[in-house]
Amino acid sequence: MNTLKKSAGAAADLTDDLIVDILSRLPAKSICRFKCHRKKIPQTLSGFFYPSDRWTQEDPAKMLPDFVGILGDEEPFSDASLTFLVGYRSIIPKICCNGLLFCLCWKVSPSDEADYVVCNPATEKWIVLPESGDENIGLADYFCFDPAISPHFYVFQLIDADENYRYIGDVNIYSSETGAWSHKESGWGDELQLAYRGAVFLNGMLHLLTNDFKILAVDTEGKKWRTIPMLETMTVSCFCRGTLAFIGQSQGRLYFINMRDYDSGEWIFKYSISTAQIFGEKNLMLERDYALVAIHPECNMIFFVCRCEDVLISYDMDHEHLYQRPFLPYLPYVPFFSDSLSDRG
């Protein structure tokens, strides 16, 4: 595995023991002031949201999300099923980005209508997105939010340029700052096919992967477009077999290829992991036999699901430790306690 690195503050390198030692030397008044602002402190990965059908026994048309924690502590919210989103019979989480959930919600009435909703499970604040108004076929939707850059979130809607080959066309961008959609002509070129395996919001840009191993990037205003090629001699051992690949982010890096200098385009290899190390078997195929779910945002740990057993597997790449949990997760969740979303009403 390889990474694409951006600059990070020195505070990110402080260990927990060092932080505790620093806090223990502060006066009580400073500690109290620090406690008042604790909700603004960046949180760590708490667990995974996933779509669940355990409610269908009482109502076949009902589907609500559920949550599995990985810290063993109390959940950072009181309603994992998101029932505070009133007026909806089914809530399907699509994307989770820095504490906000992007969901497809089917209405109670009319039952054939649905909304895209953005919510914060920690504060139970939520808003309904307006329709883009574009009658062209949508290829994919991506939700992006980074409170370290902006309090606003963005939704990217990729348009299908060719129904037969599903090439990436123009892009519609929604901004919560303006509350409106804008249409942008693609700056990536023609005949690019989306890989549908991972999307990363990093340095204020959405990063996507194509079937021919190019990484595409666009900023939130649709003004800056990038195409990042892979090494021609690259051998993908962990995240790619045949024509399959995955991208993610951790510790301020874009994971798939390690690029020491983001702007220079220099690729450097970092990790190589075999399926035999993780599953004890060879010749396994990504997506057929196992699925890569996420990369931990703060350490070199990856999360897999073994499809044959529905088991969540976490692998610590630095220490080569393997952990297993019986479950099938989907969306990694990091709590965000700020009231950045307004109530629907």
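What you are looking at is a predicted structure, and each value in this text was computed from that prediction instead of being measured. (Residues numbered from 1 in each chain as written. Predicted model: local features only at pLDDT ≥ 70, side-chain atom pairs only at ≥ 80, totals over all residues. Heavy atoms only, no water.)

Colleague: Whenever I open this one, the overall build of the chain confuses me. Can you help?
Modeller: A tally of regular secondary structure across the chain gives three helices and 22 strands. For the chain, the residues scored as buried account for 46% of the 345 residues in total. Of the contacts formed within the chain by residues at least 6 apart in sequence, a portion of 51% connects residues at least 24 apart. Roughly 18100 Å² of accessible area belongs to the chain as shown, and the carbon and sulfur atoms make up 48% of that amount. (Helix = DSSP H or I, 4+ residues; strand = E, 2+ residues; numbered from the N terminus. Buried < 20%, exposed > 50% of the residue type's maximum accessible area, 1.4 Å probe, protein only. Contact = heavy atoms within 4.5 Å. Areas by Shrake-Rupley, 256 points an atom, 1.4 Å probe, with all protein chains shown as cover.)

Colleague: I'm lost on the layout of surface pockets in this one. Help?
Modeller: Vacant regions in the atomic arrangement are exposed by a probe of water-molecule size rolled over the atoms. The space that makes up the second largest pocket amounts to roughly 310 Å³. As for the second largest pocket, its lining consists of 16 residues, and the residues nearest its centre are Y116, P130, E131, S132 and Q157. Broken down by secondary-structure element, the contributors of at least two residues to the lining of the second largest pocket are β5 (100–107), β6 (114–120) and β9 (153–160). Top contributing element to the lining of the second largest pocket by residue count: β6, with three residues. For the lining of the second largest pocket, a count of residues per class yields nine nonpolar, three polar and four charged. (1 Å grid on protein atoms, 1.4 Å probe; cavity = no way out; pocket = protein on both sides within 12 Å on 5 of 7 lines; lining within 4 Å. Points joined across faces, edges and corners; volume = space filled by probe spheres on them. Nonpolar A, V, L, I, M, F, W, Y, C, P; charged D, E, K, R; others polar.)

Colleague: Teacher, can you tell me more about the side chain of N120 here?
Modeller: Of note, N120 is situated in strand β6. At a separation of 3.0 Å, a polar atom in the side chain of N120 contacts the main-chain amide nitrogen of A122. If we skip the residues at most four places from it in the chain, N120 touches F84, G99, L100, K125, Y333, F336, S338 and L341. (Polar contact = N/O pair within 3.5 Å; in protein donor to acceptor, adjacent residues only side chain to side chain.)

Colleague: What is the right way to read unusual backbone geometry from this model?
Modeller: For residues that are not glycine, phi is negative in most cases, and the peptide bond is trans in most cases. Cis geometry is found at the peptide bond from S109 to P110, where omega equals -10°. Tracing the backbone shows P110 in the loop between β5 and β6. Located in the positive-phi region is L82, a residue other than glycine, with phi close to 60°. Summarising the element assignment, L82 is placed in the loop between β3 (64–69) and β4 (88–97). On the basis of relative accessible area, L82 is assigned to the buried category, the value being 0%. For N98, which is not a glycine, the phi torsion comes out positive at approximately 50°. Its place among the elements puts N98 in the loop between β4 and β5.

Colleague: Would you explain the packing of aromatic side chains in this entry?
Modeller: Two measures describe an aromatic ring pair: the distance that separates the ring centres and the angle between the ring planes. Across all of its chains, the model carries 14 aromatic pairs by this definition. Taken together, a centroid distance of 6.0 Å and an interplanar angle of 35° make the contact between F153 and Y174 tilted. Residue F153 is found in strand β9, and its partner Y174 is found in strand β10 (residues 168–175); the two are separated by 21 residues along the sequence. Judged by its relative accessible area of 5%, Y174 is buried. When the ring of W188 is compared with that of W225, the centres are 4.8 Å apart and the planes differ by 80°; the resulting orientation is edge-to-face. Separated by 37 residues along the polypeptide, W188 in the loop between β11 (180–184) and β12 (194–202) and W225 in strand β15 (residues 225–228) bring together distant segments of the chain. Taken together, the ring pairs in this structure connect F102, Y116, F143, F153, Y174 and W181 into an aromatic cluster. (Phe/Tyr/Trp six-rings, centres within 6.5 Å; stacked < 30°, edge-to-face > 60°.)

Colleague: Mind showing me how you'd approach the environment of L331 here?
Modeller: On the secondary structure map, L331 appears in strand β22 (residues 331–333). Residue classification places L331 among the buried residues on the basis of a relative accessible area of 10%. Separated by 230 residues in sequence, L331 and L101 place their C-alpha atoms 9.1 Å apart. Sequence-distant contacts of L331, that is, excluding residues within four places in its chain, are made with G47, F48, F49, P93, K94, I95, C96 and L101.

Colleague: Help me out: how do you make sense of the environment of F67 in this one?
Modeller: Tracing the chain through its elements places F67 in strand β3. Judged by relative accessible area, F67 falls into the buried class, the value being 7%. Spatially, the C-alpha atom of F67 lies 5.6 Å from that of F48, the residues being 19 residues apart in sequence.

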